[in-house]
Amino acid sequence: MLPEHLLRQILDNLTTAVVLLDGSLRVSYMNPAAEMLLEVSGQRVQGQRISSLFSDAVESMESLRNSISNGHPFTKREAQLNLSNGQCLMVDYSVTPVQASERNWVLLELLPRDRLLRITREEAQLSKQEVTRVLVRGLAHEIKNPLGGIRGAAQLLARELVEPSLQDYTDVIIQEADRLRNLVDRMLGPYQPPRLAPINIHEITEHVCSLIQAETQGNMDILRDYDPSIPDLLGDREQLIQAVLNIVRNAMQAIMAEADGRRGQIILRTRTLRQFTIGSKRHRLVCRLEITDNGPGIAPGILDSIFYPMVSGRADGTGLGLSITQNIVTRHQGLIECDSVPGHTTFTLFLPLPGEDE
């Protein structure tokens, strides 16, 4: 028989949310994973009825009582729980009756469906990002090699021309070759890996806000909703400024292009997330930066491909800004997501923060 303190330590370190209820459906124990999932303190809710944590369908609560009386376990899939803080949570949960110390107990295991779906979506997105980067690198190599030959040949031809007026044509060839080379370089993103140094996310957002306010000359509302307790992250200041500026400037241009008389608004919101998974890696602490605007939104037809190079919702757009932003965020081991409907577009950046062991 394992010692009680070891059993508790095992439960405390499980990533599955576990709640132990007594025969009256009152909370006797809750592991840290359950505290994070239900967003409550286990000590504070100890002794409270399970209905104070969340509410489910009436028949489900009745099934809990029946499980105690008849001793039969059951599992419910895709249950929508309404938490005490007003949020909704989609979970699978299993109920197992347990008899110990001459008492009846109920072991409740909760597995969040939302999180699993998000992790699956993120892994697919990261996989597509990597495929895109490989394709762009290969394409850039195939383009830049002949461009160099074309430019060199044009320079040699210019030296052989007798009439100076004919050099206008070789100048056009050289200029266009340079333009295409610069375009390919922008598609590839920054050459240098991030030069990491401690920096506060709000230093980055405030710098971007000052640039946008200067460009709009006060004709747009830029609102802040910051969490001042966010610690410094390890990042490249210039690259992160470029990443955030690309998103905010896109929002500004989309709002100004709409010109429907409604005053433009951009909101920058920062929060911290605990035990957050990016790709296959779980981080103890992550900074979440949301950039929300009230512009026309992104056309549904391109929403899934806006991070690909040369994809733009504007006729005069280059389609490189978001691709570069994604490249920078990925180099910082982070993730970028987008949700958009007309009048409400949100880009969310997730950037890992140094953990306690770092």
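For clarity, every value in this text was computed on a predicted model and none was experimentally measured.

Caption draft 1: Structural view of the overall build of the chain. A tally of regular secondary structure across the chain gives 9 helices and 13 strands. Across the 358 residues of the chain, 40% fall into the buried class. Long-range contacts, defined as pairs at least 24 residues apart, comprise 61% of the intrachain contacts of the chain with a sequence gap of at least 6. Surface accessibility of the chain: about 19900 Å² in total, with carbon and sulfur atoms responsible for 52%.

Caption draft 2: Representation of the nonpolar core in the model. Membership of the largest hydrophobic core comes to 39 residues, with the highest contact counts inside it found for I201, V244, I266, I291 and F347. If you list the elements that add at least two residues to this core, you get α7 (201-216), β8 (220-225), α8 (237-258), β10 (264-278), β11 (281-293), α9 (321-331), β12 (335-341) and β13 (344-352). With sequence-adjacent residues up to four places away left out, I291 is seen in contact with V244, I247, V248, I266, I267, L268, T345, T346 and F347.

Caption draft 3: Highlighting the environment of D178. Within the element layout of this structure, D178 appears in helix α6 (residues 167-188). For the pair formed by D178 and K144, sequence separation is 34 residues and the distance between their alpha carbons is 9.8 Å. In terms of polar contacts, D178 uses its side chain to reach the side chain of R151, at 2.5 Å.

Caption draft 4: Main features of the pattern of salt bridges. For the structure shown, the criterion picks out 13 salt bridges. We note a salt bridge from E203 to R237, for which the minimum N-O separation is 2.9 Å. Pair noted here: E203 is in helix α7 and R237 is in helix α8, with a separation of 34 residues, a long-range link. Taking the relative accessible area as the measure of exposure, R237 reaches 30% and is therefore partly exposed.

Caption draft 5: Highlighting a nonpolar patch on the surface. Taken together, the side chains of L7, I10 and L14 present a nonpolar region at the surface, about 220 Å² in accessible area. Positionally, I10 belongs in helix α1 (residues 4-12). Residue I10 is classed as partly exposed on the basis of its relative accessible area of 42%.

Caption draft 6: Structural view of the packing of aromatic side chains. Under the criterion given, the structure shown has 1 aromatic pair. Residues F74 and Y93 carry aromatic rings whose centres are separated by 6.4 Å and whose planes lie at 70° to one another, so their mutual orientation is edge-to-face. With F74 in strand β4 (residues 74-83) and Y93 in strand β5 (residues 88-100), this pair connects stretches of sequence that are 19 residues apart. Classification of F74 as partly exposed rests on a relative accessible area of 22%. Overall, the relative accessible area of 4% leaves Y93 in the buried class.

Caption draft 7: Representation of the side chain of D22 within the structure. With respect to the helices and strands, the residue D22 is situated in strand β1 (residues 17-22). As a buried residue without a salt bridge, D22 has its nearest oppositely charged side chain in R103, at a separation of 4.2 Å. A distance of 2.9 Å separates the side chain of D22 from the backbone nitrogen of S24, its partner in a polar contact. Of the polar contacts made by the side chain of D22, one reaches the backbone nitrogen of R26; its length is 2.8 Å. D22 has contacts with S28, I68, R103, N104 and W105, leaving out every residue within four places of it along the chain.

Caption draft 8: Representation of α8 within the structure. A rise of 1.5 Å per residue sets the reference length of α8, with its 22 residues, at 32 Å; its end C-alpha atoms lie 32 Å apart and thus fit the reference within 8%. When α8 is considered as a whole, its buried residues turn out to be Q239, L240, I241, A243, V244, L245, N246, I247, V248, A251, M252 and I255. At the N-terminal boundary of α8, the capping side chain belongs to D236, with an oxygen 3.2 Å from the backbone nitrogen of E238.

Definitions and limits used
- Residues numbered from 1 in each chain as written.
- Predicted model: local features only at pLDDT ≥ 70, side-chain atom pairs only at ≥ 80, totals over all residues.
- Heavy atoms only, no water.
- Helix = DSSP H or I, 4+ residues; strand = E, 2+ residues; numbered from the N terminus.
- Buried < 20%, exposed > 50% of the residue type's maximum accessible area, 1.4 Å probe, protein only.
- Contact = heavy atoms within 4.5 Å.
- Areas by Shrake-Rupley, 256 points an atom, 1.4 Å probe, with all protein chains shown as cover.
- Core = buried A, V, L, I, M, F, W, Y, C linked by side-chain atoms within 4.5 Å.
- Polar contact = N/O pair within 3.5 Å; in protein donor to acceptor, adjacent residues only side chain to side chain.
- Salt bridge = Lys/Arg side-chain N within 4 Å of Asp/Glu carboxyl O.
- Patch = residues over 30% accessible without salt bridge, like charges linked within 9 Å, V, L, I, M, F, W, Y side chains within 5 Å.
- Phe/Tyr/Trp six-rings, centres within 6.5 Å; stacked < 30°, edge-to-face > 60°.
- Lys, Arg positive; Asp, Glu negative; His and termini not counted.
- Expected span 1.5 Å × (residues − 1).

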